[in-house]
Structures are given as C-alpha cells and as structure tokens.
Amino acid sequence: MKAAVFYGVRNLKLQSIKVRELLPGEILVRIRACGICGTDLHIYRGDKGSAAVVPPVILGHEFAGDVVQVGDGVRQCKPGDRVSIDPNIHCGKCRHCRIGKIHLCSNLQAIGVTQDGGFAEMAIAPEAQAYPIPDNLTYEQGAMGEPVACCVHGIDQAGIRCGDSVLIIGAGPIGLIMLQLAKLMGAAQLIISEPQAQQRKLALSYGADVIINPELQQTVAAVKDNCAEGVDVVIECVGMRSTMLEAIQSCRRGGSVMLFGLAAPDCEIPIKPYDIFEKELTIRSSFINPFTQHRALNLLGSGKVQVMDLISEIQPLDQIVDIFENWDQRPGGKIMIRP
C-alpha cells in the first residue's frame with residue numbers, strides 16, 4: 001500500500017509498504033478520509049504529539065474508513081462496516097486509568113503518533129478504538145469525529161453555564177467547533193476574535209454575536225466594549241503567547257479560561273499570581289478526548305454540529321508531502337486527505 005512515512009524533522013516520504021498481519025482483537029481499515037491536524041504539523045516540525053514520536057511512523061490520527069478484515073476475537077466489527085477511529089489507546093493499568101482519567105494514561109499510545117496511522121491507504125487499529133459512523137454522515141464527517149471529540153472534552157472542562165458570555169479566540173476549525181458547542185451549552189453572548197475574513201464570515205453563520213478583527217482592534221479592549229467587566233468564559237484556540245495573555249486579561253472576576261490551543265513546548269507566558277488571586281480566575285486546559293468520541297459522532301449525526309464548511313481542501317495522498325512542505329502558503333481551514 002502507499003503511505004506517507006515520517007522519518008524525522010521535516011522528513012516525510014510517500015512510499016510503498018507492506019501491510020502486516022493482524023493481531024487478535026485488531027481490524028484493518030481502508031482509509032477513506034484523514035484530516036491533517038495541527039498536531040501533525042507540530043510533529044513534522046520537531047515537537048511531540050499527544051505522546052513522544054519515535055520515527056519511522058505513519059502519521060494521521062483523524063481518520064475514517066471501511067473495515068476490510070478482522071483479527072481473531074473481534075466481535076463488534078465486520079468487513080464492510082464504516083468506522084471512525086479514536087486514536088488514543090490507554091493501558092487500563094496505571095493509576096490514571098484506574099481512576100477514570102484514561103487520557104492521562106502513563107503509557108498512552110496513539111494511532112498516527114506512536115503507531116502507524118491514517119496517512120495511508122490502510123491502517124490497523126484495535127477493535128475497541130472503532131466507532132460506527134452514522135449512516136447520514138460522509139467519511140469526511142466521520143474523520144472529524146476525533147477533533148470534535150477533543151472539543152467536547154474541552155467544553156466539558158470550560159464549564160459554560162446557560163446565560164454565560166463566552167469569548168473564543170481563533171476561528172479556525174477548532175474555534176468554529178467550539179463556537180457551535182458553546183452555543184449548544186446555552187451561551188448568551190458569543191464573541192469571536194479572528195484575523196481571517198473567511199473565518200469571521202463562517203463564525204457569523206454559526207451564530208457569533210460579536211466579531212473582532214484583532215488586526216484592526218485590540219481584543220481585550222473590544223471585549224470590554226461589549227462586556228465591561230470581561231466575559232464569563234474564554235476559550236483560547238490559537239496557542240500563541242499573545243492570545244493566551246489576551247484570554248486571561250479578557251476574563252471577568254470569577255471567570256474561567258480554557259487554554260485549548262496547542263502551544264510550542266518552550267512557550268512561556270508571564271502571569272502575575274496576584275491578578276489570578278484578585279479575580280479568582282480558574283485556568284484550565286484540555287488534553288485529547290476521554291470517552292467523548294461517541295458523543296461527538298452523535299452530535300455530528302444529529303446535525304447540531306456542522307463541519308463540512310470547515311474543510312478547505314480535499315486532496316489525494318499523492319499531494320501530502322507537498323502540503324506539509326508548503327503549509328504556510330495554503331489557506332486556512334481543515335485539509336482532508338482522501339487516499
């Protein structure tokens with residue numbers, strides 16, 4: 001089969017490899033769609049993913065496809081099933097797993113990070129990681145199950161209450177999913193800060209009440225023009241030093257800040273503990289998708305979360321090396337690979 005193999009920093013090669021034999025409990029999936037995540041780009045540029053990456057490995061952890069073969073002991077999947085894959089595999093034995101925090105597993109493995117993933121024609125996954133795709137969804141929507149699942153966990157962590165004011169910094173695919181989820185949670189006022197015009201337009205179509213262009217307005221000041229004391233909840237979806245500081249400064253007394261955007265490992269921000277104390281702020285983060293893949297697919301199947309407009313390109317696997325090498329020249333939005 002053809003696969004894009006990651007050999008190290010900025011070294012991605014498209015080549016032909018052999019599919020190994022299935023182990024008991026595993027399934028073989030023909031990939032129909034695989035999204036490129038910001039984490040894939042971080043790994044390509046030399047940072048770690050949800051777990052440490054040891055090349056060579058096939059990246060790609062947002063994928064969906066058809067089951068074509070099952071190993072011994074597989075009971076829930078059969079050839080022909082359409083499935084969306086939760087890439088994160090927990091050990092079930094460490095302290096974190098035993099107290100229900102599987103995403104913090106001390107021995108976490110991840111398909112497309114520590115094990116071969118979806119930038120290929122085929123991928124192998126444990127049966128336990130496969131979720132049925134609702135009949136009314138496309139493979140691309142099924143592949144978006146993983147990022148939506150991560151956002152569902154983030155929304156759980158953010159603690160939005162009905163009637164809250166919410167600022168979302170960044171209206172890329174993640175920010176626009178968060179916007180839809182915040183609306184479903186009952187946010188009374190949704191403010192978006194986003195520099196790209198197309199993304200601001202999408203944010204309005206998804207129900208944003210106030211749009212800020214940070215290239216023309218200072219985000220914190222613009223927020224306080226609409227909410228004098230700041231907002232109740234801020235969800236930061238960029239992962240930059242400047243936007244994380246804006247998130248903290250835009251939050252009202254007693255509010256919550258969710259740092260969702262993936263920052264570089266060496267990124268630091270200056271925080272004055274007294275400012276946190278005086279405002280009694282809650283600062284949270286969110287890591288991957290514990291027990292949320294099923295909920296994400298339910299939301300997608302219901303039509304209450306829309307993702308097709310977030311996909312800016314659908315490209316063949318043959319183009320993947322060029323996409324990574326020239327990432328900064330591409331428009332914003334989710335790029336989906338269709339092997």
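Residues numbered from 1 in each chain as written. Predicted model: local features only at pLDDT ≥ 70, side-chain atom pairs only at ≥ 80, totals over all residues. Heavy atoms only, no water.

### Observations regarding the overall build of the protein chain
As a reminder of what qualifies: To qualify as a helix, a DSSP run of H or I must reach at least 4 residues; to qualify as a strand, a run of E must reach at least 2; elements of each kind are numbered from the N terminus. Each radius of gyration is computed over the set of C-alpha atoms, and the globule rule expresses the reference value as 2.2 Å times the number of residues to the power 0.38. Buried, partly exposed and exposed residues are distinguished by accessible area as a fraction of the type maximum, computed with a 1.4 Å probe on protein chains only: under 20%, between the cut-offs, and over 50%, respectively. Residue contacts follow a heavy-atom distance rule, with two residues in contact if any of their heavy atoms lie within 4.5 Å. Note that accessible areas follow from Shrake-Rupley with a 1.4 Å probe, and for residues the cover is restricted to the protein chains shown. When charges are counted, neither His nor the chain ends are considered; positive counts come from Lys and Arg and negative counts from Asp and Glu. Taken as the charge centre is NZ of Lys, CZ of Arg, CG of Asp or CD of Glu, depending on the residue.
From N to C terminus, the protein chain includes 11 helices and 18 strands. Taking 339 residues into account, the globule formula puts the C-alpha radius of gyration at 20 Å, and the protein chain, at 20 Å, falls close to it. For the protein chain, buried positions account for 52% of its 339 residues. For the protein chain, long-range pairs separated by at least 24 residues make up 70% of all intrachain contacts whose partners lie at least 6 apart in sequence. Accessible surface, the protein chain as shown: approximately 15,400 Å² in total, 49% of it carbon and sulfur. Seen as two clouds, the 32 positive and the 36 negative side-chain charges of the protein chain have centres 3 Å apart.

### A look at the sheet that holds strand β2 (residues 11-16)
Basically, it comes down to this: A pair of strands is labelled paired if DSSP reports no fewer than 2 bridges between them.
Taken in spatial order, the 3 strands make up an open sheet running β2-β1-β4, and their pairing is antiparallel. Of all strands in the sheet, those with a lone pairing partner are β2 and β4 (57-58), marking the two edges. Across 2 bridges, the pairing between strand β1 (residues 2-8) and β4 is antiparallel. Looking across to β4, one finds that valine 5 is bridged to isoleucine 58.

### A word on the environment of threonine 219
By secondary structure assignment, the location of threonine 219 is in helix α7 (residues 219-226). For threonine 219, a relative accessible area of 1% gives the class buried. Sequence-wise, threonine 219 and arginine 30 are 189 residues apart; in three dimensions their C-alpha atoms are separated by 45 Å. Discounting residues that sit within four places of it in the chain, threonine 219 has contacts with Ser193, Ile212, Pro214 and Glu246.

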